[in-house]
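What follows is the residue order along each chain.
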Amino acid sequence: MGCNSIVHRNLFKNMTYKTNLRVLALLAGFISSLALVQAADTPRERMRIDDNWRFSPGDNTQSADASFDDSQWRKVTLPHDWSIEGKIDAKAPMGGGGGFFPAGVAWYRLQFDAPQSWQGKRVEVEFEGVYMAPEIYLNGKKLYSQPYGYTSFFVDLTDTLKAGEKNVLAVRVDNSKQKNSRWYSGSGIYRHVWLQVSDPVHVANWGVFVSTVKASPQSATLSVQTKALNQTAQPLTVKLQTDILSPDGNKIGSTESDCPLSANGEGSVEQSISLSNPPLWSPETPQLCQAVTRVIANGKVLDTVTTPFGVRQLAWAAKDGLTINGKTYKMKGGCIHADNGVLGVSAFDRAEERKVELLKAAGFNALRTAHHPPSPALLDVCDRLGILVMDESFDCWTKGKNNADYSVYFKDWWQRDQDSMVLRDRNHPSIVMWSIGNEVPEVYSNAEVAAYGPKLVAAIHALDKTRPVTNSIFSWPSSFPQPKPEDEQKMKNAELSWDCQDIVGSNYEIGKHVAQHDQHPDRVLVSTESSPPLGPYQHVLNNSFVVGDFVWSAQDYLGEVGVGRWFYEGDPTEPLDNKGNPVGHGRDDLYPWHGANSGHLDILGNTKPASLYWNVVWQTGLVKLGVGVRQPQTDDKKIKVAGWGWYPTWSSWTWPGWEGKNIEVEVYSSYEKTRLYLNGKKIDEQPTKNYRTIYKLPYEPGTLKVAGLQNDKEVEETTLTTTGAPSKLRLTPDRSIISADEQDLSFIKVEVLDQDGKVQPNADQLVKFTLSGPGSIAGLGNANLKGDEPYQGTECHVFHGKALIVLRGSKQPGTLHLKASAEGLAPAETSVATK
């Protein structure tokens, strides 16, 4: 279907979403009111063009030609990641860093009709993310290319577009230059693509910036900076009119200004708008407003842009820490990569939403987008759910970590890519900090590298002075805080790096924050990355000058294989170093590991016992008492745990074969004491130290109970019960109704139960699925990151009794019927309606 048909089919939506349908879709309450406000002036058309693409792996030089016959190519709907569709293979070019997934070169093509009404308009296409090195062609002509796979970009189609005719948009994606990433990158057009048609006189892309000068419950002052373009040969003066809409769509502020525009030139204005009793944005009340910007000439509206934002005043200081609207917030954060588990890096809106929902439910109030700009969909969800974000740009600068990574392009591209991040994201109230890098090599040892820090910070400040900038620097000079003479140059480079940051970031240096503060009392600090075991967290909790901590990692992820892995001593598949310890991660000799096991949530989104401990330590209030059982070991069968790993601990009291043998139980508690019972008998009682107590007892099937004691009274309890033999399957969709738009998803838990309906934690059966109805299986799998089972298909094993299958609806309304079967188990089925 061509764009002409898309325009007519989505006419009502086009009247309401303007520049950001993603946010409006999340804010359904806005839609009716915005339609009334904007129905009279809708000169800008903006539509998502994710449908009807053709895809072919391989590199055919004729693929860009408009006349090329692509009828035999596979039809795909974006977002699309072709790497996750492939086989996990020890010889895959991504190697251990990328999880042993395939890469290579592929082409995408989209044919669309451009109506005659587009003649004289400006027509652009926006790609939210293509990994990597995309080349963009229209009707056979190359229009644009860039190396970075995480930067959103616009391509102007105007001069090559054929109005009133069929046009062909072609995209070459080149992920063949390996290795270019330390984690799973995926391959393809993995985020949304948008087409927009505007008047030659219009607001620049990402050209509106709304910031809060001051805010209180009684009043607020906004600054609205707007950049307009005049792509005609005649100079003119336009009015830039800005209306502020409340979360329920009512106009609560307005202003307008004249803006002179030279021929083929641009102009900018800054407006001030005062609000009474403003709807403030905060993590507790994440209320979103909108700025509606109109470009008016001779009484005619030429362009209209709607910008979601939040009214919130951000500040940071050593005395008060990080404050929003005057209230101090401590960031209890986690680092995340881009993948959505069984879906690869495909950035479906619902997948990004689910990820943030699960992380918030697990206690996180902040996320660090390691180590690149995230999808707009993820930021939209963080805005809506009140999650704070550290938005990060790069994993390296001039010195690389892989032979084909961003260091190859940094000097030529860093400012364009960083500007793209800031301009695109600066209206998101959830973003409270920018990060210019992660563990940048030679930032201390090389003065030329260190000098880039102030440049990157200054470039961000030129676009946004309202947020602090940090840098996630790995380690500090070893002799800090009392440097040795040979560290003199390193300390100069370190001070240059620290001084340019608004908030000084550091990875794995929580213990040195107090010493840093003693030397620089006004310096604000953040632990940008930490790992188990939990370090001196009191330095973060008890000191206002440390604004938060981000654990590695919030969730398991694909690639960087072997992070946090564990195994029994003597496993022939697990290499050791010359000291008998597990070798480092990301190595090519760690196959069939294809992911990292360091998360508080597994790759399916299930909470691990480590998350219980973390919540107790960080006093989130979600967990005050938790229990986990440590994987058993004997004197001749010891467990090895690799870096960033927790000792393997499970929410299970089902350990056949270990009867009468000692098993260790971890209890996480905010209470003064804990008491352990087995089958109604008191086993032991211990005071709580460092929020954790480890009990040892002989395993006996039955019920394990832990009680939390305060003032010697049991005030809370939690239990684990031995389960019976696997008996049946259960399917549980997270939503039983999804949209019939080929974008919405239903995530369905797959569980093996005993006869009493309890999850059987040792079950490992192969489950086969049958789907009927208008939709498809978008992905499936389990949480075992050591194996080569594909994430595509119609069957997968359960791991510890659990798996996940994701259904994707089509554009046809109806009902999806899913059936699951496994040998020796009663089958299960469920239904999901698409509307």
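Check the entry above for the structure.
Computed from a prediction, not measured in an experiment: that's the story for all the values here.

S.K.: Give me the lowdown on the nonpolar core, citing residues and values where you can.
M.R.: Counting 94 residues, the largest nonpolar core has Leu343 and Trp397 as the members making the most contacts within it. Dropping the residues within four chain positions of it, tryptophan 397 is found in contact with Tyr406, Ser407, Phe410, Ile436, Gly437, Val440, Val443, Val449, Tyr452, Gly453, Leu456 and Asn471. Of all hydrophobic cores here, the second largest spans 30 residues; its members include Val76, Val123, Val171 and Val173.

S.K.: Give a description of the sheet that holds strand β17 (residues 300-309) that names residues and reports values.
M.R.: Strand order across the open sheet formed by four strands is β14-β13-β16-β17, with antiparallel pairing between neighbours. Either end of the sheet is taken by a strand with one partner, and the two such strands are β14 (251-261) and β17. Between one strand axis and the next, the sheet turns through 20° on average, direction left out of account. Relative to β17, strand β16 (residues 289-297) runs antiparallel, the two being bridged by nine bridges. Pairing of cysteine 289 across the sheet is with phenylalanine 309, part of β17.

S.K.: Which residues make up the packing of helix α5 (residues 349-361) against helix α6 (residues 376-385), and what are the values?
M.R.: In contact at an axis separation of 8 Å, α5 and α6 are set at 45° when each is read in the N-to-C sense. In this view, α5 runs oblique relative to α6, as classed from their interaxial angle. Crossing of α5 against α6: the hand is right-handed. For the pair α5 and α6, contact is made by Asp349, Glu352, Glu353, Lys355, Val356, Glu357 and Lys360 and by Ala377, Leu378, Val381, Cys382, Arg384 and Leu385, respectively. Residues of the contact of α5 with α6, tallied by class, amount to six nonpolar, no polar and seven charged.

S.K.: I'd like to hear about the pattern of salt bridges, residue by residue, with values.
M.R.: According to the stated counting rule, one finds 55 salt bridges in the structure shown. Note that arginine 172 is salt-bridged to glutamate 135, the shortest N-O span being 3.6 Å. Of this pair, arginine 172 sits in strand β9 (residues 166-175) while glutamate 135 sits in strand β6 (residues 135-138), and the two are 37 residues apart along the sequence. Each of the two residues, arginine 172 as well as glutamate 135, counts as buried.

S.K.: Quick rundown of the packing of helix α7 (residues 410-425) against helix α9 (residues 452-463)? Include the residues and the values.
M.R.: With their axes 10 Å apart at the nearest point, α7 and α9 run at an angle of 35° to one another. In terms of crossing hand, the pair formed by α7 and α9 is right-handed. Only Tyr452, Lys455, Leu456, Ala459, Ile460 and Leu463 of α9 make contact with α7, whose side of the interface consists of Phe410, Lys411, Trp414, Gln415, Gln418, Asp419, Val422 and Leu423. Classifying every residue of the contact of α7 with α9 by side-chain character gives nine nonpolar, two polar and three charged.

S.K.: Give a description of the packing of aromatic side chains that names residues and reports values.
M.R.: Scanning the model with the defined rule gives 29 aromatic pairs in all. On the basis of an interplanar angle of 25° and a centroid distance of 5.1 Å, the ring pair of tyrosine 144 and phenylalanine 153 is categorised as stacked. The class for tyrosine 144 is partly exposed, based on a relative accessible area of 23%. Seen from their ring centres, tryptophan 653 and tyrosine 699 are 5.0 Å apart, and the 65° between their planes marks the pair as edge-to-face. Here the residue tryptophan 653 occupies a position in the loop between β34 (649-650) and β35 (662-669), and tyrosine 699 occupies one in the loop between β38 (692-698) and β39 (703-710), the gap between them amounting to 46 residues. Among the aromatic residues, those joined into a cluster by ring pairs are Tyr131, Tyr148, Tyr150, Phe394, Trp397, Tyr406, Phe410, Trp414 and Tyr452. Geometry around tyrosine 568 places lysine 637 over its ring, the cationic atom sitting 4.6 Å from the centre. Note that lysine 705 overlies the ring of tyrosine 677, its terminal NZ or CZ placed 4.5 Å from the centroid.

S.K.: I'd love a proper account of unusual backbone geometry, names of residues and values included.
M.R.: Alanine 370 connects to histidine 371 through a cis peptide bond whose omega is -10°. With respect to the element layout, histidine 371 can be found in the loop between β22 (366-369) and α6. In this model, tryptophan 552 is joined to serine 553 through a cis peptide bond whose omega is 0°. Take serine 553: it is sitting in the loop between β28 (546-551) and β29 (557-558).

S.K.: Give me the lowdown on the sheet that holds strand β32 (residues 625-630), citing residues and values where you can.
M.R.: Strands sit in the order β34-β32-β35-β38 across an open sheet of four strands; the sheet is antiparallel. Looking at strand neighbours, the two that pair on one side only are β34 and β38, the edges of this open sheet. Note that β32 and β34 share two bridges and pair antiparallel. Bridge pairing in β34 places valine 629 opposite tryptophan 650. Contacting β32, β34, β35 and β38, helix α13 (residues 609-617) crosses the sheet at an angle of about 35° to β35.

S.K.: Describe in detail α5, supporting the description with residues and values.
M.R.: If you check α5, its first and last C-alpha atoms are 18 Å apart, about what 13 residues at 1.5 Å a residue would give, namely 18 Å. Within α5, the full set of buried residues consists of Arg350, Ala351, Glu352, Glu353, Arg354, Lys355, Val356 and Leu359. Glycine 363, located one to two residues past α5, shows a positive phi value of around 110°.

S.K.: How would you summarise the pairing of strand β5 (residues 122-127) if you had to cite specific residues and measurements?
M.R.: Remark: a regular strand shows side chains that alternate across the two faces of the sheet. Extensive coverage of β5 is indicated by the burial of six of its six residues. Residues of β5 alternate between two faces, with Arg122, Glu124 and Glu126 on one and Val123, Val125 and Phe127 on the opposite face, all of them buried. Across six bridges, the pairing between β5 and strand β10 (residues 193-198) is antiparallel. By the bridge assignment for β10, valine 125 is matched with leucine 195. Looking at chain direction, β5 and strand β8 (residues 153-156) are connected through four bridges and run antiparallel. Within β8, the position partnered with valine 125 by the bridge is valine 155.

S.K.: Got a sec to walk through the side chain of serine 611? Specific residues and values, please.
M.R.: Within the secondary structure, serine 611 sits in helix α13. Sequence-distant contacts of serine 611, that is, excluding residues within four places in its chain, are made with Ala362 and His600.

S.K.: Describe the environment of asparagine 340, listing the residues and the values that go with them.
M.R.: Relative to the elements of secondary structure, asparagine 340 occurs in the loop between β21 (331-336) and α5. Take asparagine 340: its relative accessible area is 11%, and that puts it in the buried class. Remark: the alpha-carbon pair of asparagine 340 and isoleucine 603, spanning 263 residues in sequence, is separated by 7.9 Å. Aside from chain neighbours lying at most four places away, what touches asparagine 340 is Ser346, Ala347, Ala351, Glu352 and Lys355.

Each value, and the rule that gives it
- Residues numbered from 1 in each chain as written.
- Predicted model: local features only at pLDDT ≥ 70, side-chain atom pairs only at ≥ 80, totals over all residues.
- Heavy atoms only, no water.
- Core = buried A, V, L, I, M, F, W, Y, C linked by side-chain atoms within 4.5 Å.
- Buried < 20%, exposed > 50% of the residue type's maximum accessible area, 1.4 Å probe, protein only.
- Contact = heavy atoms within 4.5 Å.
- Pairing = 2+ DSSP bridges.
- Helix = DSSP H or I, 4+ residues; strand = E, 2+ residues; numbered from the N terminus.
- Axes fitted to C-alpha atoms, helices over the stretch in contact; angles between N-to-C directions.
- Parallel < 35°, antiparallel > 145°, perpendicular 65-115°, else oblique.
- Left-handed = near helix turned anticlockwise from the far one by under 90°.
- Nonpolar A, V, L, I, M, F, W, Y, C, P; charged D, E, K, R; others polar.
- Salt bridge = Lys/Arg side-chain N within 4 Å of Asp/Glu carboxyl O.
- Phe/Tyr/Trp six-rings, centres within 6.5 Å; stacked < 30°, edge-to-face > 60°.
- Lys NZ or Arg CZ within 6 Å of the ring centre and 35° of its normal.
- Expected span 1.5 Å × (residues − 1).

Functional significance is not addressed by these values, which are geometric in nature.
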